[in-house]
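So you can see what is in the structure, the chains are spelled out below.
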Amino acid sequence: MLLSSLIQEINKLKKGLNAVILAHNYQPPEIQDIADFIGDSLELSIKASEIDAKLIVFCGVDFMAELAAVINEGATILHPDRDAKCPMAEMMSVEDIRRVRRLYPNVPVVVYVNSPINVKAEADYIVTSANAVNVVEAIDGDTVIFGPDKHLADYIAEKTGKKVIPVPEHSYCPVHVKFNEGEIKVIKSIYKNCVFIAHPECPVNIRALADFIGSTSQMVRFIKNQPNACFLIGTEVGIIYRMMRENASKLFIPASTGAICENMKKITLEKVHRSLKHGVYRVEVGKEIAEKVRRAFENTFRVLGSEPPWLRR
């Protein structure tokens, strides 16, 4: 099928089924182009709940589609490729949390949203890279357990002054460890007025070079509000397409052309078309697990002084 015909067919199916296509910021350009909403994982799931979507095609990795199923209770969630998984999320297991709870029985467990759904169900709080620092700051006590991602754990400790116990001890995002300190210094020396923005999943030596550190959604907002004309991007390269589209007059340079999440790129137009046409692959989360995950999210929202969207409906 020709590309133009494929896109037309996707749009036709989407309209006929009254479906909503969500695409993470790291998705390929052609997927972002057909999406109704582009953003980070929690942001997208909440957006879908606000419009009361009944059929959602989530273009991202598996834990994102699971999260959409929990937040959009009653909706049908389709994930175009079951093999699009997050390597960092798979580094953490339920037993990892239970083991560290036995070692630190009174320490709150904060789980990163980039984790399997059964791991989230073990959490006291669930956070994103955007709100992790604020949540940990607001939690009573000077120690928390956090995982996965030892680099984000280190960043949270740095910003809050609290002791953050990483679990698993050596978990990390394979994309965000690809940046090279020397290469970034060279690029910054060439583009002297370029602002370097980095994701908090980056190692400390990369974060130390950054002019701004934030989640993907925070990066997008930061760029829009800055007068600077040049930005060096320290996260997965897929987000640059959105940045360029929304800021046509600005220059964007990847801090590493190798910062590519292969799993994010597994979602294709053909797979989205198949997903809509045949209703595959449906993502379902057991009621007990979903309730535990929602409860952990409710703890997170409340410690920040707000209310989760599913309680506002």
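In what follows, the structure referred to is the one given above.
Caption draft 1: Up close: the overall build of the protein. Each helix and strand counted, the protein has 14 helices and twelve strands in total. Against the 2.2 N^0.38 benchmark of 20 Å for 313 residues, the protein shows a C-alpha radius of gyration of 19 Å, consistent with a compact globule. When the backbone C-alpha atoms are referred to their principal axes, the protein occupies close to 55 × 55 × 30 Å. Looking at the 313 residues of the protein, the share that counts as buried comes to 57%. Summarising the internal contacts of the protein: among those between residues at least 6 apart in sequence, 60% fall at separations of at least 24. Between the centroid of the 39 positive side chains of the protein and the centroid of its 38 negative side chains there is a distance of 3 Å.

Caption draft 2: Region of the structure containing the layout of surface pockets. For the largest pocket, the calculated volume is near 420 Å³. The wall of the largest pocket is formed by 32 residues, among which Y26, N114, C173, E201 and M264 lie closest to the centre. For the lining of the largest pocket, the per-class residue count stands at 16 nonpolar, ten polar and six charged.

Caption draft 3: Seen up close, a nonpolar patch on the surface. Together, V186, I190, Y191 and L251 make up a nonpolar patch on the protein surface, roughly 380 Å² of accessible area in all. For I190, the location among the structural elements is in helix α9 (residues 181-190). On the accessibility criterion, I190 (57% relative accessible area) is exposed.

Caption draft 4: Inspection of the packing of aromatic side chains at higher detail. The full count for this structure, using the stated rule, is four aromatic pairs. With a centroid separation of 6.0 Å and 35 degrees between ring planes, the pair formed by Y112 and F146 is classed as tilted. Here Y112, found in strand β5 (residues 109-112), pairs with F146, found in strand β7 (residues 143-147); they are 34 residues apart in sequence, far enough to count as distant. Given a relative accessible area of 2%, Y112 falls into the buried group. By relative accessible area, F146 is classed as buried at 1%.

Caption draft 5: Molecular detail of the pattern of salt bridges. This structure, assessed with the given rule, holds 20 salt bridges. Across the pair K85 and D62 runs a salt bridge whose closest N-O atoms are separated by 3.8 Å. Linking K85 in the loop between β4 (76-78) and α5 (94-103) with D62 in helix α4 (residues 62-71), this pair joins segments that are 23 residues apart in sequence. A relative accessible area of 18% means that D62 is categorised as buried. Between E181 and K185 there is a salt bridge, with its nearest N and O atoms 3.1 Å apart. With E181 and K185 both in helix α9 and four residues apart, this pair spans about one turn of that helix. Among the charged side chains, a network of salt bridges with common partners joins D154, E158 and R207.

Caption draft 6: Here's a closer look at the sheet that holds strand β2 (residues 37-39). If you trace the four strands from one edge of the open sheet to the other, you get β2-β1-β3-β4, paired in parallel fashion. Only two strands of the sheet have a single partner each, and these edge strands are β2 and β4. On average, each strand axis in the sheet is inclined to that of its neighbour by 25 degrees, with strand direction left out of account. In the packing of helix α3 (residues 41-50) onto the sheet, the strands contacted are β1 (20-24), β2 and β3 (55-59), and the crossing angle to β2 comes to about 150 degrees. Sitting on the sheet, helix α13 (residues 269-278) touches β1, β3 and β4, and the angle it makes with β3 is about 160 degrees.

Caption draft 7: The packing of helix α11 (residues 216-224) against helix α12 (residues 239-246), seen in detail. Packing of α11 against α12 leaves a shortest axis separation of 11 Å and a crossing angle of 25 degrees. Between α11 and α12, the interaxial angle falls into the category roughly parallel. The hand of the α11/α12 crossing is right-handed. Contact residues: α11 offers T216, M219, V220, I223 and K224, while α12 offers I239, R242, M243 and E246. Tallied by class, residues from the contact of α11 with α12 come to five nonpolar, one polar and three charged.

Caption draft 8: Inspection of the pairing of β7 at higher detail. By the criterion of burial, β7 is predominantly enclosed, with five of the five residues buried. Taking every second residue as pointing to the same face, both faces of β7 are buried, with T143, I145 and G147 on one and V144 and F146 on the other. Sheet topology places β5 next to β7; three bridges connect them, and they run parallel. Bridge pairing in β7 links V111 to G147. In this fold, the crossover linking β7 to strand β8 (residues 163-166) by way of helix α8 (residues 150-160) has right-handed handedness.

Rules of the game
- Residues numbered from 1 in each chain as written.
- Predicted model: local features only at pLDDT ≥ 70, side-chain atom pairs only at ≥ 80, totals over all residues.
- Heavy atoms only, no water.
- Helix = DSSP H or I, 4+ residues; strand = E, 2+ residues; numbered from the N terminus.
- Rg over C-alpha atoms; globule rule 2.2 N^0.38 Å.
- Buried < 20%, exposed > 50% of the residue type's maximum accessible area, 1.4 Å probe, protein only.
- Contact = heavy atoms within 4.5 Å.
- Lys, Arg positive; Asp, Glu negative; His and termini not counted.
- Charge placed at Lys NZ, Arg CZ, Asp CG, Glu CD.
- 1 Å grid on protein atoms, 1.4 Å probe; cavity = no way out; pocket = protein on both sides within 12 Å on 5 of 7 lines; lining within 4 Å.
- Points joined across faces, edges and corners; volume = space filled by probe spheres on them.
- Nonpolar A, V, L, I, M, F, W, Y, C, P; charged D, E, K, R; others polar.
- Patch = residues over 30% accessible without salt bridge, like charges linked within 9 Å, V, L, I, M, F, W, Y side chains within 5 Å.
- Areas by Shrake-Rupley, 256 points an atom, 1.4 Å probe, with all protein chains shown as cover.
- Salt bridge = Lys/Arg side-chain N within 4 Å of Asp/Glu carboxyl O.
- Phe/Tyr/Trp six-rings, centres within 6.5 Å; stacked < 30°, edge-to-face > 60°.
- Pairing = 2+ DSSP bridges.
- Axes fitted to C-alpha atoms, helices over the stretch in contact; angles between N-to-C directions.
- Parallel < 35°, antiparallel > 145°, perpendicular 65-115°, else oblique.
- Left-handed = near helix turned anticlockwise from the far one by under 90°.
- Right-handed = clockwise from strand over helix to strand, strands pointing away.

Just geometry here; none of it tells us what the structure is for.
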